[in-house]
Amino acid sequence: MPSRSVLELLPAVDVRDGQAVRLVHGESGSETSYGSPLEAALSWQRSGAEWLHLVDLDAAFGTGDNRELVRQITEAMDIKVELSGGIRDDASLAAALATGCTRVNLGTAALETPEWVAKVIAEHGDKIAVGLDVRGTTLKGRGWTSEGGDLYETLARLDSEGCARYVVTDIGRDGTLTGPNVELLKNVCAATDKPVVASGGVSSLDDLRALAGLTHLGVEGAIVGKALYAKAFTLEEALQAVASA
Ligand SMILES: O=C(O)c1ccccc1NCC(=O)[C@H](O)[C@H](O)COP(=O)(O)O
């Protein structure tokens with residue numbers, strides 16, 4: 001009998017001005033602070049996480065960076081780390097990869113400098129994921145007003161360039177505890193053969209079970225932020241829920 005794949009869970013640590021924070025709709029200025037990002041990351045690791053989704057929000061918003069702290073956190077982890085936020089050129093990519101992270105997530109660069117993204121996909125393969133942050137089917141930079149084109153046209157282009165994986169976020173759900181956009185995830189999975197990581201909106205164990213029910217379509221993992229910080233459930237409960245879904 002073929003083995004069933006278990007949904008990977010990626011607890012999120014988003015860093016702004018040295019603090020772990022949560023945003024609403026990915027918008028700068030909407031943050032709530034949750035203290036030390038290293039402590040948060042270590043606590044997810046202690047709770048059994050196999051992945052950490054670590055975001056440098058200052059780098060993403062162009063308000064500085066938390067590069068040294070992100071490096072320290074990544075080095076302190078025994079688990080896999082996905083790094084995101086402000087990775088847009090050779091220097092920021094080199095700094096991110098030098099942390100020893102498992103992969104990086106490119107966002108705005110995929111919209112604004114597609115030639116560079118094609119080049120680094122060719123060079124680094126599986127170490128590069130692309131974040132597709134959407135409202136409706138229009139791509140957006142996180143928390144930004146600029147529009148980045150059509151989701152499915154961009155997906156087709158990135159697929160043709162060999163992109164290994166997509167992190168898909170409905171910005172309208174992000175940080176809102178209103179549930180993931182299952183329809184969007186199904187549509188993206190239908191449009192690509194590459195694995196998809198769901199991001200934004202998870203509010204309950206039932207949401208995670210619903211995402212676990214999409215693994216056969218290509219949903220490989222789910223990023224969980226606000227729900228863990230708001231203590232809607234524990235990470236142990238979440239891991240148990242997806243293991244038995
Ligand atoms: O990932 C980024 O690069 C990023 C850039 C700018 C704003 C937000 C960004 N990421 C946020 C996340 O990845 C969230 O942690 C994730 O979507 C979890 O959302 P939620 O479970 O709804 O808190």
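For the chain, the name recorded in an unreviewed UniProt entry is Phosphoribosyl isomerase A, with Streptomyces roseolus as its organism. Taken directly from UniProt, the Function (unreviewed entry) text for the chain runs: "Involved in both the histidine and tryptophan biosynthetic pathways."

Enquirer: Tell me about the site of the ligand, and please be specific about residues and values.
Expert: Surveying the vicinity of the ligand reveals 22 residues, the closest of which are R22, D174, G175, S199 and G201. One of the side-chain N or O atoms of H53 is found 2.8 Å from an oxygen atom in the ligand. Within the backbone of G175, one N or O atom sits 2.6 Å away from an oxygen atom of the ligand. Breaking the shell around the ligand down by element, the ones donating at least two residues are β1 (8–16), β4 (51–56), α2 (57–61) and β12 (219–224). Top element by residues in the shell around the ligand is α2. It accounts for three residues. Of the residues contributing to the shell around the ligand, the split by class is eight nonpolar, nine polar and five charged.

Enquirer: Account for the layout of surface pockets, with residues named and values stated.
Expert: For the largest pocket, the calculated volume is near 190 Å³. Around the largest pocket, the lining comprises 18 residues; the ones closest to its centre are D56, R67, G85, I87 and A96. Of all the secondary structure elements, the ones that give two or more residues to the lining of the largest pocket are β4, α3 (67–76), β5 (80–84) and α4 (90–98).

Enquirer: Give a description of empty space enclosed by the protein that names residues and reports values.
Expert: Under the counting rule described, the total for this entry stands at two cavities of 30 Å³ or more. Approximately 40 Å³ is the volume attributed to the second largest cavity. Considering the residues around the second largest cavity, the lining is formed by V168, T169, D170, P180, N181, L184, L185, A198, S199 and G200. If you list the elements that add at least two residues to the lining of the second largest cavity, you get β10 (166–170), α8 (182–191) and β11 (196–199). Counting residues per element, the lining of the second largest cavity draws most heavily on β10, at three residues. The residue makeup of the lining of the second largest cavity, split by class, is five nonpolar, four polar and one charged.

Enquirer: How would you explain the UniProt feature "active site" (unreviewed entry) in the chain if you had to name every residue and give the values?
Expert: UniProt records the feature "active site" (unreviewed entry) at D14 and D133, using the numbering of this structure. Among the structural elements, D14 can be located in strand β1. The exposure class assigned to D14 is buried, which follows from its relative accessible area of 10%. Ignoring anything within four residues of it in the chain, the contact list for D14 reads Q19, A20, V21, R22, V55 and L57.

Enquirer: Describe the nonpolar core, listing the residues and the values that go with them.
Expert: Among the nonpolar cores identified, the biggest contains 62 residues, and V13, L52 and V104 are the most heavily contacted of them. Residues L10, W51, V167 and I223 belong to the second largest nonpolar core, which totals seven residues.

Enquirer: Before we move on, could you go through the packing of aromatic side chains and cite the residues and values that matter?
Expert: Taken as a whole, this structure holds two aromatic pairs when the rule is applied. Considering the side-chain rings of Y34 and Y229, the 4.9 Å spacing of their centres and the 50° angle between planes classify their relative orientation as tilted. Of this pair, Y34 sits in the loop between β3 (32–33) and α1 (37–46) while Y229 sits in helix α10 (residues 226–229), placing them 195 residues apart in sequence. The exposure class assigned to Y34 is partly exposed, which follows from its relative accessible area of 29%. Y229 sits in the buried class, given a relative accessible area of 10%. Where W44 meets Y229, the ring centres are 5.5 Å apart and the plane angle is 85°; that geometry is what we call edge-to-face. You can see W44 sitting in helix α1 and its partner Y229 sitting in helix α10, a full 185 residues away along the chain. Using a relative accessible area of 11% as the deciding quantity, one classes W44 as buried. Among the aromatic residues, ring-to-ring pairing joins Y34, W44 and Y229 into one connected group.

Procedures and definitions
Residues numbered from 1 in each chain as written. Predicted model: local features only at pLDDT ≥ 70, side-chain atom pairs only at ≥ 80, totals over all residues. Heavy atoms only, no water. UniProt positions renumbered as here; feature names shortened; annotations may be inferred. Near = heavy atom within 4 Å. Polar contact = N/O pair within 3.5 Å; in protein donor to acceptor, adjacent residues only side chain to side chain. Helix = DSSP H or I, 4+ residues; strand = E, 2+ residues; numbered from the N terminus. Nonpolar A, V, L, I, M, F, W, Y, C, P; charged D, E, K, R; others polar. 1 Å grid on protein atoms, 1.4 Å probe; cavity = no way out; pocket = protein on both sides within 12 Å on 5 of 7 lines; lining within 4 Å. Points joined across faces, edges and corners; volume = space filled by probe spheres on them. Buried < 20%, exposed > 50% of the residue type's maximum accessible area, 1.4 Å probe, protein only. Contact = heavy atoms within 4.5 Å. Core = buried A, V, L, I, M, F, W, Y, C linked by side-chain atoms within 4.5 Å. Phe/Tyr/Trp six-rings, centres within 6.5 Å; stacked < 30°, edge-to-face > 60°.

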